[in-house]
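This is what each chain is made of:
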Amino acid sequence: MSNVTYPANPQPTTPDVNTAIAPGDPRTVSRRWLLFKAGIALNGLVGVVLAVPIVRYLFAPWRKDASYDSWVSLGALDAFPVGETRLAYYKNPSRNSWDGETDNVACYVRRESTSRFKVFAINCAHLGCPVRWFPQSQLFMCPCHGGVYYADGSRASGPPERGLFTYDWKIVSGDLQIDAGQMPTLSNTARLVTISTRSGDSKCSG
Amino acid sequence: MQRMKQTTLNVYAWFERRLQLEGPVKDAALHQVPRQTASWWYVFGSAAFTLLFLQIFTGILLAMVYVPSAGEAWRSLNVLNHQIPLGWFLRGLHGWGSNFMVAIVLIHMAQVFLFGAYKFPRELTWIVGVFLLLMTLGMAFTGQVLRFDQDAYWGLGIGASIMSRVPWIGGGLVHLLLGGPIIAGATLSRFFALHVFVIPGTLLLFVFVHVWMVLKLGVNDWPMPGRVVRRETYMEEYHHLAHTDGIPFVPGAFWKDLIFSGAILAAVAVCAVVFGPFGPSGQPDPSIIQTVPKPDFFFLWIYTILSYLPPQMETPFLLIVPLLAIAILLALPLIAAEGEKSWYRRPVAVLLVSTLAVSWGVLTRLGTTTPWSPHMSAWSGDPLPVNRIHDATPLARQGAVVFQVKQCRNCHSVGGSGGERGPALDTVATRLTIDQLRFKVVTGGGNMPAYGKNLSPSEIEALVRFLETLHPANEPPAYDASRRAVEATQAAESAGEASRLAPHPGSTP
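Engineer: For this particular structure, what's the right way to read the sheet that holds strand 6 (residues 139–141) of chain A?
Structural biologist: Strand pairing within a sheet occurs via backbone hydrogen bonds; the two strands may be parallel or antiparallel. Residues and elements named next belong to chain A. The strand order 5-6-7-8 describes an open sheet built from four strands, whose pairing is antiparallel. One side of each edge strand has no neighbouring strand; the edge strands of this open sheet are strand 5 (132–134) and strand 8 (155–157). Strand-to-strand twist across the sheet, computed as the mean angle between neighbouring axes with direction ignored, equals 35°. In this structure, strand 6 lies alongside strand 7 (residues 148–150), joined through three bridges in antiparallel fashion. Residue pairing in the sheet places Phe 140 in a bridge with Tyr 149 of strand 7.

Following this line, the structure appears as structure tokens:
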């Protein structure tokens, strides 16, 4: 059985010693070689079929920014005196039980008037280090590379290219809520620029 | 005795008959290498190899206790440090082993470059080596993340901030890096998988290929000026050299490898005992913002570069330079496969390595002192030297209070303490006139915030009056000649006015 070969080439009309195909010569398409190739093809096919769900699994975190956001409460409005900037904390809205302390997130709340707020991320717009607020000089300073911001979050000096990242906020029945859920970076927050007009600030995709 | 020896030989023969390793091992050990390669310069590769196995061994031992969960990792490291007998020593070995491994790999690379060992036929050995370097650095970074403390947390934040600068797909890459939208449990789990399975597995595979090629192609011959590499003739020349002026690899060259590797292992152990393990520092709680995150030693140079680059250059630098550097390293052996190997004939190579080494040293040194970072507690922690305010007017003393309370001190030192972000102000009055001081305080500029909105006019006045006193006793403060002229005129005018308004002598009010 194993000696049977099926020559692929047209029969050589003049067989000679050099081109004669011996039984078992790998150049022939024997049944064994055909099955071998079929085996490779089967594995390749199964590989592709498996690769699709594996890639999907690996890329599971790759989602649109908005799908990670949700509104979280920073507490009652009374905790934020008018004209002051206070550190506030919230729990990461998409937390898991094994996150440990990493689900604590801090942000700065500046109450500009009774009904107007600004909520800043603590992450420096340069490389994400936690900035510290100094109420005496009304400045935010970053311990990493020395970025400094004014009280309104705009850039004062140092390497940052822009002001502090801000959260969108709203007031719901006496609570200050912010739209949170992801680490603010240039890729998600920088796309929003605030355009000042006479009628007030508006968020605009820039 | 004779019987015991015979039994041992029989046992050996039993195994050898089945394993058949004697032939390949003998071939590898006894192959001829050029006599001059039995040099102390050729020991770094084998030392890196030894350190890799130390890391694998100590890493497995640590994994028996370490809990790869964001909620427990930090606590399990503290248990290792303080409760498990000699857990601190194992952590020390692994941490110092990592530092030594990065250092030895870099030295090995510099030596291979200077000795022209990347040239034909060893191009692929170099290219595989470049990937080994990248994976070694990857192990160092992921290892720093597994030490799940404040530095690890904010280091991840820096990584995410860098990723976020990639155009279009930056956001997705951040999510992939962190395993979600924010640093959390998923982040540590994926870094654990990278550090323990993905990178070491690939590393071992590449090390096998790397060493295989070293054995097959032979140890690089000692570079001689004038002995030029040509593709057509090199193999023949090398074999001629190895067989006419060669020695067997074992023990001729190998004893130096053995002794150096042993010495390096001993050095790692000594460092682990004397300096102890690295961290963990504070717990990875992002709501604790009183922290000064800093990367591990081998990434300090990047930290320095990122503080000195102009803002508009940062993103292009971060995204382009690493790729360019890797591309150059990979292309090097393909472009310069032939030619001189000797450093006597390759001044550019020598200059390049020395420039890179000096730059790296300077950047790392700066990274340890971080002169660009504000000293966050200088304003409340570093008092002004008494002699600076001893003879000051009440107004200047009030200015000194403003100087401290408004955090000027965080960036400006006086009397040797305080931040170094801005210039030291011990002699500022000799450089700037009072008007210039006032202008600078109000408008800022350079790397200084404008304090115009943050200080009241009276505070500014007091502050500049204090700054005006900051000059050496024997050197007067800077003054503006035109202001002097104006003041003299004003004085004369007011004197005239005064004499005109003054009551006439003799008259009674």
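Engineer: Would you mind going over the sheet that holds strand 9 (residues 166–167) of chain A with me for this structure?
Structural biologist: All names here are of chain A. With antiparallel pairing, the four strands of this open sheet are ordered in space as 2-3-4-9. Strands at the two margins of the open sheet, each flanked by one partner only, are strand 2 (85–91) and strand 9. Here five bridges tie strand 3 (residues 104–111) to strand 4 (residues 117–121), and the two strands are oriented antiparallel to one another. Residue Cys 107 lies in a different strand from strand 4, and its bridge partner there is Ala 121.

Engineer: Would you mind going over the packing of helix 6 (residues 123–146) of chain B against helix 14 (residues 311–335) of chain B with me for this structure?
Structural biologist: Helix-helix packing is described using two parameters, namely the angle between the two axes and the distance between the axes. Residues and elements named next belong to chain B. Running from amino to carboxyl end, helix 6 crosses helix 14 at an angle of 170°, the nearest separation of the two axes being 8 Å. Between helix 6 and helix 14, the interaxial angle falls into the category roughly antiparallel. Note that helix 6 runs across helix 14; the crossing there is right-handed. Touching Glu 123, Trp 126, Ile 127 and Val 130 of helix 6 are Ile 326, Leu 329, Leu 330, Pro 333 and Leu 334, all from helix 14. Its residues placed into classes, the contact of helix 6 with helix 14 shows eight nonpolar, no polar and one charged.

Engineer: For this particular structure, what's the right way to read the interface of chain B and chain A?
Structural biologist: Many authors give the size of an interface as the accessible area that is lost as the parts come together. In this assembly, 52 residues from chain B lie in contact with 51 residues from chain A. Every element with two or more residues in the side of chain B that touches chain A is listed here: helix 7 (150–163), helix 8 (170–178), helix 13 (300–308) and helix 14 of chain B. Grouping the constituent residues of the side of chain B that touches chain A by class yields 24 nonpolar, 22 polar and six charged.

Engineer: Which parts of the structure should I look at to understand the domain arrangement of chain B?
Structural biologist: Assigned domains of chain B: these are domain 1 (26–369) and domain 2 (378–494). Computed from C-alpha coordinates alone, the two centres of domain 1 of chain B and domain 2 of chain B are separated by 49 Å.

Engineer: Can you walk me through the pairing of strand 3 of chain A in this structure?
Structural biologist: The two faces of the sheet receive side chains in turn, since in a regular strand these alternate between them. Residues and elements named next belong to chain A. Burial analysis of strand 3 places six of its eight residues in the buried class, which makes it a mostly covered element. As defined by bridge partners, strand 2 adjoins strand 3 across seven bridges and the pair is classed as antiparallel. Counterpart to Leu 87 in the pairing with strand 3 is Tyr 108. Here strand 3 hands over to strand 4 after five residues, the two strands then running antiparallel side by side.

Engineer: Hey, could you run me through the confidence of the model for chain B in this one?
Structural biologist: In low-pLDDT regions, the fine details of the predicted coordinates are not to be read closely. Across chain B, the average pLDDT comes to 92, with 98% of residues at or above 70. For this predicted complex, the interface confidence score (ipTM) comes to 0.86, while the overall pTM stands at 0.87.

Engineer: Explain helix 10 (residues 234–244) of chain B to me, please; I cannot follow it from the model alone.
Structural biologist: Think of an α-helix as turning once every 3.6 residues; residues three or four places apart then point the same way. Residues and elements named next belong to chain B. If you check which residues of helix 10 are buried, you get Tyr 238, Leu 241 and Ala 242. Looking straight down helix 10, one finds that the buried residues subtend no more than 95° of arc, so they occupy a single side. In helix 10, the exposed residues that point more than 90 degrees away from the buried face are Glu 236, His 243 and Thr 244. For helix 10, the elements touching its buried residues are strand 1 (32–34) and strand 2 (246–248).

Engineer: Looking at this structure, how should I read the nonpolar core?
Structural biologist: One recurring pattern in soluble globular proteins is that nonpolar side chains are buried together. Core analysis: the biggest nonpolar cluster contains 102 residues, and Cys 107 of chain A together with Leu 51 and Ile 104 of chain B have the highest contact counts within it. In terms of residue count, the dominant contributor to this core is helix 5 (residues 87–114) of chain B (10 residues). For Ile 104 of chain B, the residues in contact, after removing those within four places along its chain, are Phe 44, Ala 47, Ala 48, Leu 51 and Ile 264 of chain B.

Definitions and limits used
Residues numbered from 1 in each chain as written. Chains lettered and ligands numbered in written order. Predicted model: local features only at pLDDT ≥ 70, side-chain atom pairs only at ≥ 80, totals over all residues. Pairing = 2+ DSSP bridges. Helix = DSSP H or I, 4+ residues; strand = E, 2+ residues; numbered from the N terminus. Axes fitted to C-alpha atoms, helices over the stretch in contact; angles between N-to-C directions. Parallel < 35°, antiparallel > 145°, perpendicular 65-115°, else oblique. Left-handed = near helix turned anticlockwise from the far one by under 90°. Contact = placed C-beta atoms within 7 Å. Nonpolar A, V, L, I, M, F, W, Y, C, P; charged D, E, K, R; others polar. Domains from an automatic or database assignment. Buried ≥ 20, exposed ≤ 12 C-beta atoms within 10 Å, placed from the backbone. pLDDT = per-residue confidence, 0-100. Arc of directions from axis to C-beta. Core = buried A, V, L, I, M, F, W, Y, C linked by C-beta atoms within 7 Å.

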